[in-house]
Amino acid sequence: MLASGLVLAGLTYLFMRRRLEQRLVRIDLRGPDGRVEIAPRPEDLLPDLDRLRDATLYELLIQALIALAVVTALAALLGWLVAGRVLRPIRAISATAQRLSAENLSERVPVNEPRDELAALAATVNGMLDRIQAGVASQKLFTANAAHELRTPLTTMRTAIDVTLDGEPSRDELITMAEDIRTAIGKSQRTLDGLLALAHSQAATGRRRLADLSDFVGVPDESNLRPAPVVGDPVLLEMMVANLVDNALRHNDSEDEIEVETGVEGGEAFLRISNGGPVITPAEAERLLEPFVRGEGGRTGGEGVGLGLAIVHAIVLAHRGRIRLVPRDGGGLCVTLHFPGVPVAIADNRTDTALTCVYQGYADWR
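How each quantity is defined
- Residues numbered from 1 in each chain as written.
- Predicted model: local features only at pLDDT ≥ 70, side-chain atom pairs only at ≥ 80, totals over all residues.
- Heavy atoms only, no water.
- Helix = DSSP H or I, 4+ residues; strand = E, 2+ residues; numbered from the N terminus.
- Contact = heavy atoms within 4.5 Å.
- Axes fitted to C-alpha atoms, helices over the stretch in contact; angles between N-to-C directions.
- Left-handed = near helix turned anticlockwise from the far one by under 90°.
- Nonpolar A, V, L, I, M, F, W, Y, C, P; charged D, E, K, R; others polar.
- Salt bridge = Lys/Arg side-chain N within 4 Å of Asp/Glu carboxyl O.
- Buried < 20%, exposed > 50% of the residue type's maximum accessible area, 1.4 Å probe, protein only.

Student: How do you make sense of the environment of proline 327 when you look at a structure like this?
Tutor: Following the sequence through the fold, proline 327 ends up in strand E8 (residues 322-327). Residues proline 327 and glutamate 284, 43 residues apart in the sequence, show an inter-C-alpha distance of 9.1 Å. Non-local contacts of proline 327, meaning those with residues more than four positions away in its chain, are made with Ile280, Thr281, Pro282, Ala285, Gly332 and Leu333.

Structure follows, in structure tokens:
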């Protein structure tokens with residue numbers, strides 16, 4: 001405000017001075033009869049005119065500076081008040097962020113009226129905090145479940161050893177203990193392999209290239225397999241299909257058939273696997289995507305480690321896809337995966353180097 005006022009006052013002073021310099025002044029002194037009695041010479045009037053002009057410009061400059069000082073003071077006061085009111089929500093956001101920690105994520109930023117940009121910022125921060133809190137809670141639950149899954153076999157081995165060695169065990173008792181320990185070690189190994197596969201699926205650091213989901217399906221008898229081109233890590237995609245098929249075979253009733261279908265619909269590649277089994281609700285179906293959740297919503301028991309569908313979910317998300325679990329009437333589950341579509345020219349020519357380069361620029365996977 002001060003800088004703008006100085007520029008305005010300076011321009012006004014310069015324009016007024018230029019205008020006064022260009023003004024032509026003539027003074028006539030007339031008598032009672034209207035005739036000119038005295039006609040001063042212009043050079044005699046120049047000193048008075050110069051003094052009058054200088055006095056006028058000086059007075060103009062003084063009054064402009066006084067007005068500028070008053071306006072600048074009012075602008076500073078008004079700016080301070082408005083800035084304090086505008087920045088108050090930002091201070092609240094900063095204070096809330098400073099009070100948050102990994103153990104205290106429940107506090108939220110107040111969202112006040114009016115619904116302006118700062119209110120939208122506060123709502124965005126609250127949404128971010130909700131996601132962080134949900135992620136931390138999920139991580140804690142996952143850690144607890146993983147610890148439980150790894151501790152159970154260790155407890156089994158410790159118990160088998162303590163019971164067997166409490167006295168003088170026979171050869172048969174030692175063999176039984178060894179078999180129990182071998183079973184527990186196998187379960188621990190499957191759990192660790194599942195955890196490593198889950199971590200690798202979430203990272204998705206492998207090289208991505210064009211692949212066909214139908215090439216990974218190993219149950220063609222009851223299948224309706226059509227080309228389903230996707231772009232991704234073939235190792236992860238194969239693991240994803242294998243986990244789905246293995247999960248369907250494990251929970252399928254003997255009289256039901258497993259149905260596998262691949263293809264393209266709505267411009268997206270899809271894979272659909274249906275199997276029979278126990279009746280489950282939609283809520284239980286959604287929970288199957290959580291780590292360590294086994295069939296029928298249980299977290300204990302069964303031969304698996306409860307990471308199959310969790311690995312599938314992580315691979316689908318890593319490939320920008322979607323997964324949908326729908327319970328079947330009469331029991332069983334239908335799992336449908338959708339992946340982003342691939343340009344037709346690229347899908348029809350997998351070995352063309354130029355198309356591969358075009359694809360890499362198109363998808364921006366690297």
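Student: Would you explain the packing of helix H5 (residues 234-251) against helix H7 (residues 308-318) in this entry?
Tutor: When two helices pack together, their arrangement is captured by the angle between the axes and the distance separating the axes. Packing of H5 against H7 leaves a shortest axis separation of 9 Å and a crossing angle of 145°. Like other packed secondary-structure pairs, H5 and H7 cross with a definite hand, here left-handed. Here Leu236, Met239, Met240, Asn243, Leu244 and Asn247 of H5 lie close against H7, whose contacting residues are Gly308, Leu309, Ile311, Val312, Ile315 and Val316. For the contact of H5 with H7, the per-class residue count stands at nine nonpolar, three polar and no charged.

Student: Explanation requested: the pattern of salt bridges in the structure shown.
Tutor: Side chains bearing opposite charge may pair, as long as their charged atoms lie close to each other. Applying the stated criterion across every chain yields a total of seven salt bridges. When the shortest N-O distance is used, the salt bridge between arginine 250 and aspartate 246 registers 2.7 Å. Here the residue arginine 250 and the residue aspartate 246 both occupy positions in helix H5, the gap between them amounting to four residues, near one helical turn. By relative accessible area, aspartate 246 is classed as partly exposed at 37%.

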